[in-house]
Amino acid sequence: PLSILLLSSFFFQMAQFVANIIYTMVVLAAGFIINLDSLNVAVRWISKVSYLRWGVQGTALIEYPGLNFTCSDIDPRQNATCIHTGYEALEFYRMTDYSVNDCRFALGMLIVGGLVWSWLMLRLRPQRPEQT
């Protein structure tokens, strides 16, 4: 996705600026740094097109369900949440809304969309200095 921005911009400095903004939004909207429910509804849609979100969620759905955790280090006087199983961890981070196949499909569509967009930008943008 960052290469798409670089190809879409006419000036390299502008492409760098836009890429930094978009990458920050993609990381924040991935859902594992900030809870998506705390984000504005207008910004929350970015998580649907975040390759980082789909990749992390798919990996977590593969790796976490069979795990068991112990909570021996938690002080009972603290109001801390103890997560005992991998499935509880997935529920806590709200990663059970989609299946592994949904994550694969979303990643595939993002890759194909990025390739098509890049191809279009390469075809439509002048490649020689005398064409500008």
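Conventions we followed
Residues numbered from 1 in each chain as written. Predicted model: local features only at pLDDT ≥ 70, side-chain atom pairs only at ≥ 80, totals over all residues. Heavy atoms only, no water. Helix = DSSP H or I, 4+ residues; strand = E, 2+ residues; numbered from the N terminus. Contact = heavy atoms within 4.5 Å. Areas by Shrake-Rupley, 256 points an atom, 1.4 Å probe, with all protein chains shown as cover. Axes fitted to C-alpha atoms, helices over the stretch in contact; angles between N-to-C directions. Parallel < 35°, antiparallel > 145°, perpendicular 65-115°, else oblique. Left-handed = near helix turned anticlockwise from the far one by under 90°. Nonpolar A, V, L, I, M, F, W, Y, C, P; charged D, E, K, R; others polar.

1. A look at the overall build of the chain
- A count of helical and extended segments in the chain gives six helices and zero strands.
- Element order for the chain, N to C, with α for helix and β for strand: α-α-α-α-α-α.
- Excluding contacts between residues fewer than 6 apart, the proportion of contacts in the chain whose partners are at least 24 apart in sequence is 50%.
- Carbon together with sulfur atoms contributes 64% to the accessible area of the chain, which is approximately 9600 Å² in total.

2. Describing the packing of helix α4 (residues 51–63) against helix α6 (residues 100–124)
- Contact pair α4 / α6: the axes reach a minimum separation of 9 Å and the direction vectors enclose 155°. Classified by the angle their axes make, α4 and α6 are roughly antiparallel. Read as a crossing pair, α4 and α6 show a hand that is left-handed. Between α4 and α6, the residues in contact are Tyr 51, Trp 54, Gly 55, Gln 57, Gly 58, Leu 61 and Ile 62 and Val 100, Asp 102, Cys 103, Ala 106, Leu 107 and Leu 110, respectively.
- Among the residues forming the contact of α4 with α6, the class breakdown is nine nonpolar, three polar and one charged.

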